[in-house]
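A closer look at the structure
Okay, here's what each chain looks like letter by letter:
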Amino acid sequence: MRIFLIIYVFVIVATVTILGFRGSLSTKTPLEVFPDMDHQAKYKPQSENDFFRDRRNDRPIPAGTVARGNYLNQQAVFSEDFADKRLGDTALLEGKDAEGNFIAKLPLAVSYELIEQGRERYEIFCTSCHGSAGDGNGVTKPYGVLAASYHDDRLRNETDGYLYDVIMNGKGLMYGLKDRLSPEESWAIVLYVRALQLSQNAGADALTAAQRSELGF
Amino acid sequence: MANVFPKWVNTIPIKVIAAITLLATAVVLGVTYYATPKYTRVGYAPTQPVAFSHALHAGQLEIDCRYCHTFVDRAAHSNVPATEVCMTCHSMVRQDDPQLAMVRDSYESGEPIPWVRVHAAPDYVYFNHAVHVNRGISCVECHGRVDQMEVVHHAKPLSMAFCLECHRNPEEYIRPPEEVYNLAWERPETKEYDEEAIAFVHDWKVNPPQSCSGCHR
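Residues numbered from 1 in each chain as written. Chains lettered and ligands numbered in written order. Predicted model: local features only at pLDDT ≥ 70, side-chain atom pairs only at ≥ 80, totals over all residues. Heavy atoms only, no water.

We now examine the overall build of chain B. Along the backbone of chain B there are 11 helices and 0 strands. Traced from its N-terminal end to its C-terminal end, chain B shows the element sequence α-α-α-α-α-α-α-α-α-α-α. What you see for chain B is a C-alpha radius of gyration of 25 Å, clearly larger than the 17 Å of a compact globule of 217 residues, by over 25%. Across chain B, the fraction of contacts at a sequence separation of at least 24, relative to all contacts at a separation of at least 6, is 67%. As displayed, chain B offers around 13,100 Å² of accessible surface, 61% of which is attributable to carbon and sulfur atoms. The centroid of the 18 positive side-chain charges in chain B is displaced by 11 Å from the centroid of its 25 negative side-chain charges. (Helix = DSSP H or I, 4+ residues; strand = E, 2+ residues; numbered from the N terminus. Rg over C-alpha atoms; globule rule 2.2 N^0.38 Å. Contact = heavy atoms within 4.5 Å. Areas by Shrake-Rupley, 256 points an atom, 1.4 Å probe, with all protein chains shown as cover. Lys, Arg positive; Asp, Glu negative; His and termini not counted. Charge placed at Lys NZ, Arg CZ, Asp CG, Glu CD.)

Structure follows, in structure tokens:
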């Protein structure tokens, strides 16, 4: 019995020493206890695929095609009286009119919800470089990102279409965000940038009398 | 008649029973402790090809999760960012850092960075990120404090029991939708908040599936 107990304790100590405790960090791939059907022959986003030479499951979009489900409602496309409005809409998609000039005003109906949507997207995608007030003082400034301030006369007088183009395609050192923002979201950001510009450059005469007395002029 | 069996034989049954009990207890405890995802998965922290730190980018620089994991609130799959997203900053920040050589090469050649996947649901499970994050379930419930991790590790078991634990009582985990990306948010420990959460689940008709076909379609 004594021998049994010694072996027993030894085995337990050995197991705990080798296997460790729950939650300890390890670089070993997790053991799959029952791997049945964990890995099926199906395609999941961003996974590997041995069929293609570059082994990527997500295929690059060939030029001149539109990814299924991206822009158009499938049912509408395959109905008889389909007329493509969205793809030909250069104002919405490129911020330019038919002649290729930037449009002056955004092509969406303006509402408070749109500004709020713009604020949400702005805080995700722009604040780290341009700062929440749009003055170019984002957290990355000390590390060498010299983002522009929106509060100068040139940018105040630029068209909405131009700002849209900067967001989508970038300008100079700034990369475009075409891959990460839909046209509607970008227009919402343009609207919010306009609101920011106004917030830093509003004259006292733009306020109502009540607001002015509240501020003490 | 002489004694055929010596006296010590009398204790054999007790010893055998004791040994079997000890062995059984050890095996049961060992299996419950080690053979579940709480041990096999939690703590998995593979070495990534680039020493990318969430503690620096998401924690210290406070970049929103959606700057990189852009589609987490719009799609089932939460994408790992393209190299271009890193280059939006690293074309200006640390342009010559050898740690970032792979990022620059990848951007020039178009070959993706071979990130090692940490979390993976088995192929027979349908999981949808957008459904969860848009309904007030934060990343922290399933991924832990990623914004404090130098190297991402598997923080929660993501087993079926884990999913169901929340699906049965969503009001214990739900938070205001605007706090979903703020992993540091702490649930107020007050009765009012508990009632608010129950009301939220009721008013928003939050109804997580508990039937098998909800997750195994």
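Further notes follow.
In this section: the interface of chain B and chain A. On the side of chain A, 47 residues touch chain B, which itself brings 51 residues to the contact. Of the roughly 4,400 Å² buried between chain B and chain A, counting both surfaces, carbon and sulfur atoms make up 57%. Looking at the side of chain B facing chain A, the largest losses of area belong to Tyr67(B), Met92(B) and Asp123(B), adding up to 15% of the total buried there. We note a salt bridge from Arg66(B) to Glu120(A), for which the minimum N-O separation is 3.2 Å. At the junction of chain B and chain A, the tally comes to 19 residue pairs in polar contact (both at pLDDT 80 or more). Going through the elements one at a time, helix H1 (12-34), helix H2 (37-40), helix H4 (65-68) and helix H5 (83-90) of chain B are the ones with two or more residues in the side of chain B that touches chain A. Of the residues forming the side of chain B that touches chain A, the biggest block, 9 residues, is contributed by H1(B). (Buried area = accessible area lost by both parts, 1.4 Å probe. Salt bridge = Lys/Arg side-chain N within 4 Å of Asp/Glu carboxyl O. Polar contact = N/O pair within 3.5 Å; in protein donor to acceptor, adjacent residues only side chain to side chain.)

Its place among the elements puts Ser24(A) in the loop between helix H1 (2-19) and helix H2 (74-77). Leave out the neighbours within four places in its chain, and Ser24(A) touches Val42(B) and Gly43(B).

As a further point, take the pattern of salt bridges. A complete count under the given rule lists 21 salt bridges over all chains for this structure. Residue Asp153(A) is joined to Arg156(A) by a salt bridge in which the shortest nitrogen-to-oxygen separation is 2.9 Å. With Asp153(A) and Arg156(A) both in helix H6 (residues 153-157), this residue pair falls 3 residues apart, about one helical turn. With a closest N to O distance of 2.4 Å, Arg94(B) and Asp97(B) form a salt bridge. Among the charged side chains, a salt-bridge network with shared partners connects Glu120(A), Arg121(A), Glu185(A), Asp64(B), Arg66(B), Asp73(B) and Arg74(B).

Quick look at the confidence of the model for chain A now. The pLDDT averaged across chain A works out to 86; a share of 94% of its residues lies at or above 70. The lowest-confidence element of chain A is H2(A), averaging 66 in pLDDT; the highest-confidence one is helix H4 (residues 112-125) of chain A, averaging 95. (pLDDT = per-residue confidence, 0-100.)

With that settled, the discussion passes to the packing of H4(A) against helix H8 (residues 183-199) of chain A. Residue and element names in this part refer to chain A. Two numbers describe how H4 lies on H8: the axes approach to 7 Å, and their chain directions differ by 95°. On the basis of the axis angle, H4 is roughly perpendicular to H8. Residue-level inspection shows Leu 114, Ile 115, Gln 117, Gly 118, Arg 119, Arg 121 and Tyr 122 of H4 in contact with H8, the latter providing Glu 185, Ala 188, Ile 189, Leu 191, Tyr 192, Val 193 and Leu 196. Split into classes, the residues belonging to the contact of H4 with H8 amount to 9 nonpolar, 2 polar and 3 charged. (Axes fitted to C-alpha atoms, helices over the stretch in contact; angles between N-to-C directions. Parallel < 35°, antiparallel > 145°, perpendicular 65-115°, else oblique. Nonpolar A, V, L, I, M, F, W, Y, C, P; charged D, E, K, R; others polar.)

Let's shift gears to the state of the cysteines. Going through the model one piece at a time under the given rule, you end up with 0 disulfides over all chains. Just so you know, Cys86(B) is unpaired, no disulfide at all, and the nearest cysteine sulfur is the one on Cys68(B), 6.7 Å from it. (Disulfide = S-S within 2.5 Å.)

Here we take up the nonpolar core. Within soluble globular proteins, side chains that are nonpolar generally end up buried alongside one another. Of all hydrophobic cores here, the largest spans 32 residues; its most connected members are Tyr122(A), Phe125(A), Tyr150(A), Trp187(A), Ile189(A) and Tyr67(B). Breaking this core down by element, the ones donating at least two residues are helix H3 (90-94), H4, helix H7 (160-169) and H8 of chain A together with H4 of chain B. Setting aside residues no more than four positions away along its own chain, Ile189(A) makes contact with Gly118(A), Arg121(A), Tyr122(A), Cys126(A), Ile167(A) and Leu181(A). (Core = buried A, V, L, I, M, F, W, Y, C linked by side-chain atoms within 4.5 Å. Buried < 20%, exposed > 50% of the residue type's maximum accessible area, 1.4 Å probe, protein only.)

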